[in-house]
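Next come the chains, spelled out residue by residue.
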Amino acid sequence: GECVRACPKGIIGLISSTTKILHWNQYTECLAPCQQKCPAQIDIRKYVQYIKEGRFKDALLTIKEHNPLPSVCGRVCPEPCALACRRQISDEPVAINYLKRFVADQEYLSGTRYEVPIAADTGKQVAVIGGGPSGLSAAYYLRRLGHAVTIFEKMPKLGGMLRYGIPEYRLPKKILDWEIQGILEMGVQAKTGVEFGESLKLELLKTEGFDAVYVAVGAWDDQRLTIEGHDAEGVISGIKYLERFHTDEEVDKGEYIIVIGGGNTAIDAARTAQRMGAKEVSIVYRRSRNEMPANPAEIIAAEEEGINLRYLYGPQRVVIENGRVAGLEVIKMELGEPDPSGRRRPVPVEGSEQILKCDVIIEAVGQKPNMEFMKNDSHLKSIPLTRWNTIEASEDSLQTDIPYVFTGGDCFTGPALAIDAIAAGRFAARSIHYYLSEGKIPPIEERARDFIPESLLSELQGIKSKTRVHEPVVPLEERLGNFKEVEGTIAEEDALYESSRCLNCGIYCYNKDIVEDENILPVLQSEGDALAS
Ligand SMILES: Cc1cc2nc3c(=O)[nH]c(=O)nc-3n(C[C@H](O)[C@H](O)[C@H](O)COP(=O)(O)OP(=O)(O)OC[C@H]3O[C@@H](n4cnc5c(N)ncnc54)[C@H](O)[C@@H]3O)c2cc1C
Ligand code: SF4
Ligand code: SF4
């Protein structure tokens, strides 16, 4: 019951795996600030305490109650949870994601999967449309809840944007494949190369005996600029550019590359172009660095790798010579009043136009879902779309106007983070489970959506400062010309040390008695200094 969930020390362990999967944060619970901020609601303090005790397997199984892709997220999650970590009041947030990656990689390196409990078969069948992180997460939790699941994916392989968007140097395919294989080994079926809306329609799924459908098709359509010359040879979309590295399509390499945009796609395209041997790679972004939506760590890495970041420049027109791109005319911008998104609106400075030389332009100015398949399906077309071309569904259940059809991930929210899509997959699994077993979806009482105000402390007493660990990184001179993974996994001794920085927070309380290990601290501090120099 409530005491099991609330116990900050995790002493009482009677709660069933099914109950944990179906559970969502409530205002009435004793939640550490970090757990309130992780979209998947991972019990961070619990897994970090397990690491502190050397119980790495228990730590990983705790994470998997909320996230079936811990090695992936350990590499790509921008760690929104750390923004709320109470430790930063004293010095720096706990390296929550390095710790996650450490325990997940322990399992990967051992080559043996830890078994997770799977409920008895329910006799119900669920179709998942789209094998990205949201579809994979829904499939994983539905399977753990005892349902039979089949994923239908239009691309040749599962993984969605994790495979076809995020480059190898950030997320090696062998890591993604390992985690996907683990989901399939639980009995999840996958049919790839099947496009929903073409050969496969909703009616057919019903005829084949599927009781519910989860639509998680992502946001794969690039927003395109409408400037003069935007359709010239040599202008390519960011998603297409990245996707071509995983298909047989030829990639337009170029020597002088300009990437337009400020999100993850723009940075990934630029860092990829740099690795492909371009002479000069620039990013043109119309606002300042502070407004850039890309992960801050990626922006820093791009700067370190020599990418020329041109802030406050707006694209005006593509310069064309002999039928293909020869330059980009840009205009200087300054920041004006905030727009509806809260970011300051860029305003052009008259007479400041200039031409930047280039032979390839990569447009990465945003994505939106492609919903053509909905319009082609006589049943699905009754589900309304929003003005952002996302699917309309209930925020409280992810159920659409067709009661047995649910949706989540980027095609519901618009482009977001992998962990948002993963969280939506588990939330949809909860709704589908109740829909199939009880015929209705109970609301979550006191569902925690914002911070519990009492959990936001402004000072900590009795905590000695302790340096945060640094992850190992490949030196700059070894990064270019290859796609070797840049960031590494921390060592066991660093994981043990870092976990000891966690204050094991409750809602108002925290552990003031964390043991100081005077022997390990100076060693790590000098390593940190060496890395920083
Ligand atoms: C370049 C890039 C870099 C990113 N970097 C990060 C990062 O560092 N950190 C982070 O947290 N997030 C990052 N993201 C965002 C993250 O990848 C997405 O938010 C996440 O993948 C969304 O998951 P999803 O399952 O909703 O959709 P997707 O991952 O897009 O998966 C949707 C799946 O549905 C399939 N599909 C589409 N239509 C059909 C159909 N009709 N029939 C069958 N299958 C279909 C697609 O082929 C795809 O496999 C990045 C995104 C991009 C593009
Ligand atoms: S998945 Fe992301 S937000 Fe959640 S605990 Fe891990 S790093 Fe934090
Ligand atoms: S100190 Fe530990 S429990 Fe507290 S917020 Fe940070 S990671 Fe979470």
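These figures come from a predicted structure and were not determined experimentally.

## Re the packing of aromatic side chains
By convention here, two paired aromatic rings are described through the distance between centres and the angle between planes.
So, point 1. Going through the model one piece at a time under the given rule, you end up with nine aromatic pairs.
So, point 2. Between Phe152 and Phe210, the aromatic rings sit 5.9 Å apart at their centres with planes inclined by 75°, giving edge-to-face as the arrangement. Remark: Phe210 occurs in the loop between α11 (202-207) and β4 (212-215) and Phe152 occurs in strand β2 (residues 148-153); sequence separation between them is 58 residues. The pair formed by Phe152 and Phe210 is uniform in burial state, with each residue classed as buried.
So, point 3. The ring of Tyr256 has Lys357 sitting right over it, with the charged end atom 4.2 Å from the ring centre.

## Quick notes on the site of ligand 1
So, point 1. Lining the immediate surroundings of ligand 1 are 38 residues, of which Val76, Glu153, Arg170, Phe196 and Trp220 lie closest.
So, point 2. Here Trp220 contributes a side-chain N or O atom positioned 2.6 Å from an oxygen atom of ligand 1.
So, point 3. Here ligand 1 loses 97% of its free accessible area of 1000 Å² to cover by the protein chains.
So, point 4. Of the residues forming the shell around ligand 1, the biggest block, three residues, is contributed by helix α13 (residues 264-275).
So, point 5. Class assignment of the residues belonging to the shell around ligand 1 gives a composition of 20 nonpolar, 12 polar and six charged.

## Here's the deal with the nonpolar core
So, point 1. Membership of the largest hydrophobic core comes to 82 residues, with the highest contact counts inside it found for Ile44, Tyr47, Ile51, Leu99, Val103, Tyr214 and Ile432.
So, point 2. Sorting elements by how many residues they give to this core places helix α17 (residues 418-438) first, with 10 residues.
So, point 3. With residues near it in sequence (within four places) discarded, Val103 still touches Ile51, Phe56, Ala59, Leu60 and Ile63.
So, point 4. Tyr241, Tyr285, Ile299 and Val360 belong to the second largest nonpolar core, which has 25 residues in total.

Calculation rules
- Residues numbered from 1 in each chain as written.
- Chains lettered and ligands numbered in written order.
- Predicted model: local features only at pLDDT ≥ 70, side-chain atom pairs only at ≥ 80, totals over all residues.
- Heavy atoms only, no water.
- Phe/Tyr/Trp six-rings, centres within 6.5 Å; stacked < 30°, edge-to-face > 60°.
- Helix = DSSP H or I, 4+ residues; strand = E, 2+ residues; numbered from the N terminus.
- Buried < 20%, exposed > 50% of the residue type's maximum accessible area, 1.4 Å probe, protein only.
- Lys NZ or Arg CZ within 6 Å of the ring centre and 35° of its normal.
- Near = heavy atom within 4 Å.
- Polar contact = N/O pair within 3.5 Å; in protein donor to acceptor, adjacent residues only side chain to side chain.
- Areas by Shrake-Rupley, 256 points an atom, 1.4 Å probe, with all protein chains shown as cover.
- Nonpolar A, V, L, I, M, F, W, Y, C, P; charged D, E, K, R; others polar.
- Core = buried A, V, L, I, M, F, W, Y, C linked by side-chain atoms within 4.5 Å.
- Contact = heavy atoms within 4.5 Å.

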